[in-house]
Number of protein chains: 2
Amino acid sequence: MRLLNPVDQIFLRLERRNQPMHVGGLQLFSLPEGAGSEYVREVVDAARGFTDVQPPFNRRLKYRFGQPFWVDDDSFDLEYHVRHLALPQPGAIRDLLALVSMLHGALLDRSRPMWETYVIEGVTGNRFAIYTKFHHSIMDGVSAMRVLRKSLNEQATPGSLCVPWNLPREDNKPSSRPTPWRSAVKALGATGRQVAAMPRVGQEILRAWQDSRESPDFTSISQAPGSMLNRRISGSRRFAAQSYSLNRIKRLAKHYEATVNDIVLAMCASALRDYLIEQDALPDAPLVAMLPVSLHTADSDAGNNIAMIFASLATDVADPIERLATIQRSVDHWKRRYKAMTSEQILGFTAALGTPMGMNLLTGIAPKHQSFNVVISNVPGPSETLYYGDATLEGMYPVSIVLDGQALNISMVSYRDSLEFGLIACRRSVPSMQHMLQFLSDALDDLEPTDLAHTGRDGVAADGG
Amino acid sequence: MRLLNPVDQIFLRLERRNQPMHVGGLQLFSLPEGAGSEYVREVVDAARGFTDVQPPFNRRLKYRFGQPFWVDDDSFDLEYHVRHLALPQPGAIRDLLALVSMLHGALLDRSRPMWETYVIEGVTGNRFAIYTKFHHSIMDGVSAMRVLRKSLNEQATPGSLCVPWNLPREDNKPSSRPTPWRSAVKALGATGRQVAAMPRVGQEILRAWQDSRESPDFTSISQAPGSMLNRRISGSRRFAAQSYSLNRIKRLAKHYEATVNDIVLAMCASALRDYLIEQDALPDAPLVAMLPVSLHTADSDAGNNIAMIFASLATDVADPIERLATIQRSVDHWKRRYKAMTSEQILGFTAALGTPMGMNLLTGIAPKHQSFNVVISNVPGPSETLYYGDATLEGMYPVSIVLDGQALNISMVSYRDSLEFGLIACRRSVPSMQHMLQFLSDALDDLEPTDLAHTGRDGVAADGG
């Protein structure tokens, strides 16, 4: 019996029926040659055979004196957590995405360990899929992708399956999660450093305020316009996913002297602009994206060193190349600013800037203040081909969270020579969101200079009807 | 924009994430001869073609000044409400029931009209299924079964489909639902009669209290023991369904000079006794079943004239025939009592007896008071064969509601020469509930006298893994 740490408690408190707080991942596999019609059922049976369930996968919530604790589930039911589903024939990708949309909209049962995995057979092209969801209070999106990755092999090995809930203990690292005591000690240490960092944070906030009025390249949270992406959300979701060539994006980055991330932002900006024009809802002011970035400075502490960059998406600029340049300048401005600060200063600074957003999520106190319009998150993934037993992983797509006021999330993960986009949206506030997949493709075409070889589009996935 | 009537509001208020307040129905169809692989997809497409959506299917909730109103959904999305799913091959009935268990556990989206229908292809034996769920605030279980029945034909007619949301207006009767004004007027009238009925109600309550101490055949709400069926529920469900021969039940009724309902109660009693023995959890005192019964007296008012019978299930009696006799006496006692009362008196009486239960549901004030242990509900259905287009309806099973303190519900509907049982339970508090299907069969065998021809068991459905 262990009290939940405060951050994990927040994810429980934020959860409402229209706002489930779980993250997910969709993995697409091709069946090995000669696989019989029972192959996927055998995968399910094998997965259900791993009855030695490791923390945190065996832990459920229990409230005592109004406080949430983790306790071991004494009637753990692996058949409940591991489901076997199928697509209607011929198993179009749009049917797969529709199914994931549906599954991702349903709340996890709080009486049980809060994760579920769905093995889905009958995907066209001799494939199957696994969609897994984890409550954010047991695992964040990055850890979820890591755990899913760890259950795969680097060689095709018939019959050699791993499952996330049965990984060696060092791989799912429950013990590295702070216990209340350790986290209290750690917090004291961190607090000390944070207090020391305060003068600098204060300076930066003041400078940010001045910059927001003077520097054209600086995007502060005060600049985000209202938009249709920033409304209350319903409980229904639309998931869309597609793979884009990482090599092509890298070539474009080189050509424009930009980073891969700049190109990705330009793709998203272009797709959002096209989508909002289609919906007749493009704000005059440019959209602001919030990018969570990992800090890897010399003095960085272990743990949650995530800073936020608020990048202008320059959606008011019609020319794609000029738009890319504006985005680059906006991101560079933040990078220069962060370079001059320590981790503690950065964390304090982003916490101060992010506070209105966090407060809004928790309390709804300032619903008219729009900190940013959309979260865009890019997590590096494996570059080598991975296997589940002898089934080849063809693609893996993050399925993230949307919130009241943040009705669209664009997440991506790299795998082999692809960048795998997973877009999740409130199905009601962001209608026909799946059109953005095509707009993302178009964005790459628009950036393609005539002197670069055009390798054509690639994409495993269509819309998520 | 129309305020919800108070009864419908109660179903919204009762709903929690572990306690969804929707009712459902599962229909099983056989494909017509020569149907191609696209048949079910065509059924889905045809259903999605009925875009003229009638009330209440086009109405969603909207809160104003803290009050819930019905408003027309101005971004109605038929693709959202009508889903196309499939079973993993070979499409075992246990996979179908597992899928329905999962779907029935998920909350409806309150931002949309609160109903969903799932067309499920790939059921073994050349069949498909349709599972439909309605929020109880738009439709009760009986109306749900009626609406599902109305969308079927009495002749196999290729291409001639109806859908519940596009029935002629008189069939779904939204206009007969009381508007606030009409219901206020009606309430005044009914209240007057209820006040007049009070002395008699008081007498009956007093007599019930005396009977509960003196008469061995009278089962009052004060007698229900605590049991494992009466715990807090989780958000996960187990659905089990099976058809039993109505002719066989009728023969047994005739043999024992009992009603069909008595035999059904004896089946349930026997199955519950076997199940609780298996779980090592049989209470010493007999379980009490609550049976909602329709009142059809001469002075009955239109509307919700549902009375409650609290029948002893005699689960403390080992002999099945003696158990049946005890159940019969318990039910007869209530029938005699109700015969001497007017509808208003019965309603007042059952309201008074049911109040602790209702209060517990709404407030949890007296959690230790167990009004009854299980709801058993039997609704007469069509006796002729029905068709959806040219697909034959092979079975239809009710999927009801479980509540905190009422973790199992047994509902049944008759169709042709079958009685179709649908059992829904909290998957956590009532483990391996699907074993009850076999125990129900065994119960029929146990009642079978040696001189009656034994026609053997029949059942389309197995357990709901």
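Here the structure is a predicted model, which is why all the values come from computation and not from measurement. (Residues numbered from 1 in each chain as written. Chains lettered and ligands numbered in written order. Predicted model: local features only at pLDDT ≥ 70, side-chain atom pairs only at ≥ 80, totals over all residues. Heavy atoms only, no water.)

Trainee: Help me understand the relation of the copies chain B and chain A in this model?
Mentor: Relating one copy of the chain to the other requires a rotation about an axis plus a shift along that axis. Least-squares fitting of chain B to chain A yields an RMSD of 0.0 Å, with the transformation described by 0.0 Å of translation along the axis and a rotation of 180°. Such a combination of rotation and displacement between the chain copies is what one expects of a two-fold axis. Closest approach to the rotation axis among the C-alpha atoms of chain B is made by alanine 86 of chain B, whose C-alpha sits 2.6 Å away. The overlap is high: 100% of the interface residues of chain B also sit at the interface in chain A, so the same surface is used on both sides. (Least-squares fit on C-alpha atoms with pLDDT ≥ 70 in both. Contact = heavy atoms within 4.5 Å.)

Trainee: Is there a simple way to think about the nonpolar core in this case?
Mentor: It is characteristic of soluble globular proteins that their nonpolar side chains tend to be buried jointly. Of all hydrophobic cores here, the largest spans 176 residues; its most connected members are Leu26, Ile376 and Phe421 of chain A together with Leu26, Ile376, Ile410 and Phe421 of chain B. If sequence neighbours within four positions are ignored, phenylalanine 421 of chain B has contacts with Ala240, Ala241, Gln242, Tyr244, Val264, Met267, Cys268, Tyr397, Ile410, Ser411, Met412 and Leu440 of chain B. (Core = buried A, V, L, I, M, F, W, Y, C linked by side-chain atoms within 4.5 Å. Buried < 20%, exposed > 50% of the residue type's maximum accessible area, 1.4 Å probe, protein only.)

Trainee: What is the right way to read the pattern of salt bridges from this model?
Mentor: Pairing between side chains of opposite charge can happen when their charged atoms approach one another. Evaluation of the coordinates by the stated rule reveals 36 salt bridges over all chains. With its nearest N and O atoms 3.5 Å apart, the salt bridge here joins arginine 232 of chain A to aspartate 404 of chain A. Here arginine 232 of chain A is found in the loop between helix H7 (180-214) and strand S8 (237-245), whereas its partner aspartate 404 of chain A is found in the loop between strand S13 (391-399) and strand S14 (408-415), with 172 residues between them in sequence. Here arginine 232 of chain A falls in the exposed class, since its relative accessible area comes to 64%. You can call aspartate 404 of chain A buried: its relative accessible area is 15%. One continuous salt-bridge network, built from bridges that share partners, spans Asp77, Asp109 and Arg112 of chain A together with Arg427 of chain B. (Salt bridge = Lys/Arg side-chain N within 4 Å of Asp/Glu carboxyl O. Helix = DSSP H or I, 4+ residues; strand = E, 2+ residues; numbered from the N terminus.)

Trainee: Where do I start with the interface of chain B and chain A in this structure?
Mentor: Reports often express the size of an interface as the amount of accessible area lost when the parts come together. If you look at the interface, chain B gives 38 residues, while chain A gives 38 residues. Roughly 2,900 Å² of surface becomes buried between chain B and chain A when both sides are summed, with 42% attributable to carbon and sulfur atoms. Applying the counting criterion to the chain B and chain A interface returns ten salt bridges. Measuring nitrogen to oxygen at the nearest pair gives 2.9 Å for the salt bridge that ties arginine 427 of chain A to aspartate 77 of chain B. On inspection of chain B and its partner chain A, the count reaches 25 residue pairs in polar contact (both at pLDDT 80 or more). When contributions to the side of chain B that touches chain A are tallied by element, the ones reaching two or more residues are helix H3 (78-81), strand S5 (82-86), helix H4 (93-105) and strand S6 (115-123) of chain B. The leading source of residues in the side of chain B that touches chain A is H4 of chain B, at five residues. Of the residues belonging to the side of chain B that touches chain A, the class tally is 13 nonpolar, eight polar and 17 charged. (Buried area = accessible area lost by both parts, 1.4 Å probe. Polar contact = N/O pair within 3.5 Å; in protein donor to acceptor, adjacent residues only side chain to side chain. Nonpolar A, V, L, I, M, F, W, Y, C, P; charged D, E, K, R; others polar.)

Trainee: Before we go on, may I ask you to explain the domain arrangement of chain A in this structure?
Mentor: All names here are of chain A. Domain annotation of chain A identifies domain 1 (2-169) and domain 2 (187-383 + 397-452). The junction of domain 1 with domain 2 conceals about 1,900 Å² of combined surface from both sides, 64% of it contributed by carbon and sulfur atoms. Applying the counting criterion to the domain 1 and domain 2 interface returns one salt bridge. When the shortest N-O distance is used, the salt bridge between arginine 16 and aspartate 404 registers 3.1 Å. Taken together, the connections running from domain 1 to domain 2 amount to nine residue pairs in polar contact (both at pLDDT 80 or more). Of all the secondary-structure elements, those providing two or more residues to the side of domain 1 that touches domain 2 are helix H1 (6-14), strand S2 (22-30), helix H4 (93-105) and helix H5 (141-150). (Domains from an automatic or database assignment.)

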